[in-house]
Amino acid sequence: MTRAEHPLVEILKQRIVIIDGAMGTTIRTYGMKEADIRGERFKDSKKDLLNNGDLFVLTQPGMIGDIHRRFLEAGADIIETNTFGATTIAQSEFFVDDPREHGGRKDPNFYQKVIEDEFLKGLAWEINEKSARLCRSWADRVGNATGRPRFVAGSIGPLTVSLSNSPDANDPGFRSVTFDQVKTAYKEQVRGLIAGGVDFLLVETIFDSLNAKAALVAIREVFDQDGKELPVMISAAVGRGGETLISAQTTEAFWNAVRHVKPLSVGLNCSLGPDLMYPFLSELAEKADVAISCYPNAGLPNPLSETGFDLGPDDMARSLGGFGREGLINIAGGCCGNTPEHIAAIARALEGVPPRHWEKSRKGAETGESESATGVEVTR
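Every value quoted in this text rests on a predicted model; they were computed, and no experiment measured them. (Residues numbered from 1 in each chain as written. Predicted model: local features only at pLDDT ≥ 70, side-chain atom pairs only at ≥ 80, totals over all residues. Heavy atoms only, no water.)

Visitor: I tried to follow the overall build of the protein chain on my own but got confused; where do I start?
Guide: Of regular secondary structure, the protein chain possesses 15 helices and eight strands. For 380 residues, the compact-globule estimate of 2.2 N^0.38 gives 21 Å, and the protein chain sits close to it at 20 Å. Taking the principal axes of its C-alpha atoms as reference, the protein chain extends roughly 60 × 45 × 40 Å. Sorting the 380 residues of the protein chain into buried and exposed places 56% on the buried side. (Helix = DSSP H or I, 4+ residues; strand = E, 2+ residues; numbered from the N terminus. Rg over C-alpha atoms; globule rule 2.2 N^0.38 Å. Buried < 20%, exposed > 50% of the residue type's maximum accessible area, 1.4 Å probe, protein only.)

Visitor: For this particular structure, what's the right way to read helix H7 (residues 108-116)?
Guide: In an α-helix, one turn spans 3.6 residues, which is why side chains three or four residues apart end up on the same side. Listed in full, the buried residues belonging to H7 are Phe110, Tyr111, Val114 and Ile115. Down the axis of H7, the buried side of the element spans an arc of 130 degrees, and every buried residue falls inside it. In H7, the exposed positions that point more than 90 degrees away from the buried face belong to Asn109 and Lys113. Next to the buried residues of H7 lie helix H6 (88-95), helix H8 (118-146) and helix H9 (179-196). (Arc of directions from axis to C-beta. Contact = heavy atoms within 4.5 Å.)

Visitor: Whenever I open this one, the pattern of salt bridges confuses me. Can you help?
Guide: Note on pairing: side chains with opposite charge can pair once their charged atoms come close. Inspection of every chain in the model, using the stated rule, returns 27 salt bridges. Taking the shortest distance from any N to any O, the salt bridge between Asp224 and Arg220 comes out at 2.9 Å. With a gap of four residues between them, Asp224 and Arg220 both fall in helix H10 (residues 209-226), about one helical turn apart. Here Arg259 makes a salt bridge to Asp289, at a shortest N to O gap of 3.6 Å. (Salt bridge = Lys/Arg side-chain N within 4 Å of Asp/Glu carboxyl O.)

Visitor: I keep staring at the pairing of strand E5 (residues 232-236) and nothing clicks. Help me out?
Guide: Along any regular strand the residues' side chains alternate between the sheet's two faces. Counted residue by residue, E5 has five buried out of five residues, so it is predominantly covered. In E5, alternate side chains face the same way, and those of Val232, Ile234 and Ala236 on one face and Met233 and Ser235 on the other are all buried. Here strand E4 (residues 200-206) runs beside E5; their pairing, made up of four bridges, is parallel. Looking at the pairing, Leu201 lines up with Val232 of E5. Following the backbone out of E4, through H10 and into the adjacent parallel E5, one traces a crossover that is right-handed. Sheet analysis places E5 next to strand E6 (residues 265-270), joined by four bridges and oriented parallel. (Pairing = 2+ DSSP bridges. Right-handed = clockwise from strand over helix to strand, strands pointing away.)

Visitor: Mind showing me how you'd approach the nonpolar core here?
Guide: Side chains of a nonpolar character, in soluble globular proteins, are inclined to be buried together. With 93 residues, the main nonpolar core has Ile89, Ile156, Leu201, Ile219, Val266, Leu281 and Ile329 as its most contacted residues. Here this core gets nine residues from one element, more than from any other, and that element is H8. Among all residues touching Leu201, those that are not within four sequence positions of it are Gly154, Ile156, Val190, Leu193, Ile219, Phe223, Leu230, Pro231, Val232 and Met233. Formed by 20 residues, the second largest nonpolar core is a distinct cluster that contains Ile19, Phe151, Met233 and Tyr295. (Core = buried A, V, L, I, M, F, W, Y, C linked by side-chain atoms within 4.5 Å.)

Visitor: Looking at this model, I keep getting lost on the pairing of E6. Mind explaining?
Guide: Judged by how many residues are buried, E6 sits mostly within the fold: six of six residues are covered. Read from E5 through helix H11 (residues 251-258) to E6, the crossover connection turns out right-handed. Two strands pair when backbone bridges link them, and E6 and strand E7 (residues 291-296) are joined in this way by six bridges, in the parallel orientation. Across the sheet, the residue bridging to Asn269 is Tyr295, located in E7. Where the polypeptide runs from E6 across helix H12 (residues 274-287) and back to E7, its parallel neighbour, the crossover connection is right-handed.

Visitor: Would you mind going over unusual backbone geometry with me for this structure?
Guide: Peptide bonds are trans in most cases, and residues, glycine excluded, mostly fall at negative phi. You will see that Lys262, though not glycine, has its phi angle at about 55 degrees, which is positive. Relative to the helices and strands, Lys262 is located in the loop between H11 and E6. For Lys262, a relative accessible area of 32% corresponds to the partly exposed category. Positive phi, close to 65 degrees, is recorded for Ser271, a residue that is not glycine. Structurally, the position occupied by Ser271 is in the loop between E6 and H12.

Visitor: Just checking my understanding: could you explain the confidence of the model for the protein chain for this structure?
Guide: Do not read the predicted coordinates in detail wherever pLDDT is low. In this model, the protein chain carries an average pLDDT of 91, and 93% of its residues clear a pLDDT of 70 or more. This stretch, residues 360-380, has a pLDDT under 50; its non-local contacts, to residues over four places away or in other chains, come to 50 contacts. (pLDDT = per-residue confidence, 0-100.)

Take a look at the structure:
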């Protein structure tokens, strides 16, 4: 089978690539209220919707497009779709009555109804497809205007349920949802993102490795069934010990669990802020034979801060600039607390800094051997 490099790979060989910042943080700077996210379409919804940021792509697309524009003008090479929670399972939190309020519990029977719900399925598809198209239009517009290609990553976030742990301390074997149900929800999201024209699929903020495995299996099945394949990027959230939070895999174990996917990149995001993330990023950069991404929170949460996080643009630029000079990263940006101003500062700090070199060998990945190179291959 002929393998072709994605255009981004050539750029990754030449310089550190910039990914955008926090959609949720930036949305808050627009002062949106409950009525703004509801619009006419969702005016009669029974639950509060303001924390359902993905819904803004349907009710306030002008604002979401403006945020994409600002991140691109700040220097982002990659912008993410506003689809972090755009699955039937995640959207059910805002549109389905919680059985726990009536003495019941969320269990596989509950989530089977969720993934079969026609309203939720249609809503999830629409959010993913429209968000991808909006992202695509802005990436192409700015790319054409500047003569510098911009790319769209389809954001596939974690869910509000875990496959690794029981929500019931008295019943450790209980799981709210099944692997197949999670996989089904992710397959629908993946198809919507591909239909909207994304360049890559980004499985991000992984705190439960089994949930992430379901997402990666879903992606593989969609590729095989639909005959279209895109590069995959993978990014985990880690705790203070370098573990993927709920599922508690170490950084190295996490990489070993996903390396068979042959991702375009693997990395860390969200989490602890750049300083506390450093040792785990360093370990991952040493172990992985693909590009490394890093887009941490702007420090730790601080409700007294303007953005809700400790670090300003100069602080993030200093930290990410240091990561770049140490040869740890290929893709850099910011997660929670990072506005377009943060991304602009990070981009300036990394301008002219050489990218990390990584080893690649498809044969080596299978046999334990490796050979020096400066790129990765992806199938198209």
